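# Fold and contact review
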Amino acid sequence: MPLALIISSHVAASHVGGSAQASALSTFKIDAMVVPTVLFGRHPGWGPPGGAKVEPEVIEGMLAGIEANRLFGQTDLVLTGYFAFPEQVAAAAKAIDAVRGAKRKGYAGAAARQPVVIVDPTLGDAGKGLYVPAEVAEAVVELLVPRADILAPNLWELAHLTGEDVRNVEEALIAARRLGKPALVSSVPRGKEIGVIYAAEGEAWMAAHPRQPSAPKGTGDLLSALFGAALLDGLTSSYALGRAVGGVAETVAAAHAAGAAELPILAMAQRLKAPSPSVRLERLT
């Protein structure tokens, strides 16, 4: 009975952030506890989102309630995404430490599974630059990046984290190695393709597919959730990459085919579980 803790945005009418990730994880029978950092009506990319940012003490209280029910010791996956206040980031860091420090047990004689922490440093994007307050970005770099088992930046965020000029596969791989921990780097261009690099000690892979003219918001959120689900399924990093990127590619293609402005995550439930034939998996090192 896998369990995930998601600390990210909740957006009612857009398939992004924590609510989108919970939907994706449900297709793999992974329960999710979503602690929202904002409560918006729609993605800000559509215009004024409505709703409000969640005060840090509310998040702290929600996390305390989860911990009081002894669920940190059952948490297998932690996903972090968008933050509105640096105090929210601090609460997330404290929760990650508590999840790792919680007493846990195995089942049927198996050793207890250790949690996987995937940090998406949701800071900005190409053409937009930094779209969170500078103090939030600083808190993410200081408090969450060191606590991640896997970092999941887009190409712009990778450049921001490393201070490198990152424009292609080769530069992305060099920069990802400098993070000092496994990285899942999205939005990496290669010719007429777009893809994701997974770089870890001793191995690096790229999963690429033909570019679509555009993509709905939330592809990075979906990618992190699908990669985490694949790891909980026991897949190796390369197979996890292929399945996760395939799921994202299939969902984006379905959105285009249907003229949908949002990712059709639940409609694509079966395709999320199978690699896409359009995805090319390449070993880089």
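The structure reproduced in this document is the subject of the present report. This structure is a prediction, so every number in the text was calculated from the model and none was measured.

### Focus: the overall build of the protein
When its secondary structure is counted, the protein shows nine helices and twelve strands. For the protein, the C-alpha radius of gyration of 18 Å lies close to 19 Å, the compact-globule estimate for 285 residues. Seen through its principal axes, the protein has C-alpha atoms that stretch 50 × 50 × 40 Å. Burial analysis of the protein (285 residues in total) assigns 52% to the buried set. When contacts within the protein are restricted to residue pairs at least 6 apart in sequence, long-range pairs at least 24 apart make up 68% of them. Carbon together with sulfur atoms contributes 55% to the accessible area of the protein, which is approximately 12,500 Å² in total. Of the side-chain charges in the protein, 25 are positive and 27 negative, and the distance between the mean point of each set is 7 Å.

### Quick look at the side chain of glutamate 157
With respect to the helices and strands, glutamate 157 occurs in helix α5 (residues 155-162). Of the buried charged residues, glutamate 157 lacks a salt bridge, with lysine 128 as the closest side chain of opposite charge at 10 Å. Aside from chain neighbours lying at most four places away, what touches glutamate 157 is Asp120, Pro121, Thr122, Leu123, Gly124, Tyr131 and Ala152.

### A word on the packing of helix α7 (residues 219-232) against helix α8 (residues 237-258)
In a packed pair of helices, the relevant descriptors are the angle between the two axes and the axis-to-axis distance. Contact pair α7 / α8: the axes reach a minimum separation of 8 Å and the direction vectors enclose 140°. When the axes of α7 and α8 are compared, the crossing they make is right-handed. Residue-level inspection shows Thr219, Leu222, Leu223, Leu226, Phe227, Ala229, Ala230 and Leu231 of α7 in contact with α8, the latter providing Ser237, Ala240, Leu241, Arg243, Ala244, Val245, Gly247, Val248, Thr251 and Val252. The class makeup of the residues in the contact of α7 with α8 is 13 nonpolar, four polar and one charged.

### Here's the deal with the nonpolar core
Where a protein is soluble and globular, its nonpolar side chains tend to be buried together. Within the largest apolar cluster, 55 residues are counted, with the highest numbers of intra-cluster contacts made by Leu5, Leu63 and Leu144. At seven residues, the largest contribution of residues to this core is made by helix α3 (residues 86-101). Membership of the second largest hydrophobic core comes to 39 residues, among which are Leu223, Phe227, Ala244 and Val248.

### Considerations on the pattern of salt bridges
A full pass over the atoms with the stated rule returns twelve salt bridges. Its salt-bridge partner being arginine 243, residue aspartate 233 comes within 2.9 Å of it at the nearest N-O pair. Of the two residues, aspartate 233 sits in the loop between α7 and α8 while arginine 243 sits in helix α8, which places them ten residues apart along the sequence. Note on arginine 243: relative accessible area 8%, which makes it buried. Each member of the salt-bridge network shares a partner with another, and the members are Glu170, Arg190, Glu193, Arg280 and Glu282.

Rules behind the numbers
- Residues numbered from 1 in each chain as written.
- Predicted model: local features only at pLDDT ≥ 70, side-chain atom pairs only at ≥ 80, totals over all residues.
- Heavy atoms only, no water.
- Helix = DSSP H or I, 4+ residues; strand = E, 2+ residues; numbered from the N terminus.
- Rg over C-alpha atoms; globule rule 2.2 N^0.38 Å.
- Buried < 20%, exposed > 50% of the residue type's maximum accessible area, 1.4 Å probe, protein only.
- Contact = heavy atoms within 4.5 Å.
- Areas by Shrake-Rupley, 256 points an atom, 1.4 Å probe, with all protein chains shown as cover.
- Lys, Arg positive; Asp, Glu negative; His and termini not counted.
- Charge placed at Lys NZ, Arg CZ, Asp CG, Glu CD.
- Salt bridge = Lys/Arg side-chain N within 4 Å of Asp/Glu carboxyl O.
- Axes fitted to C-alpha atoms, helices over the stretch in contact; angles between N-to-C directions.
- Left-handed = near helix turned anticlockwise from the far one by under 90°.
- Nonpolar A, V, L, I, M, F, W, Y, C, P; charged D, E, K, R; others polar.
- Core = buried A, V, L, I, M, F, W, Y, C linked by side-chain atoms within 4.5 Å.

Purely geometric stuff here, so don't read any function into it on its own.
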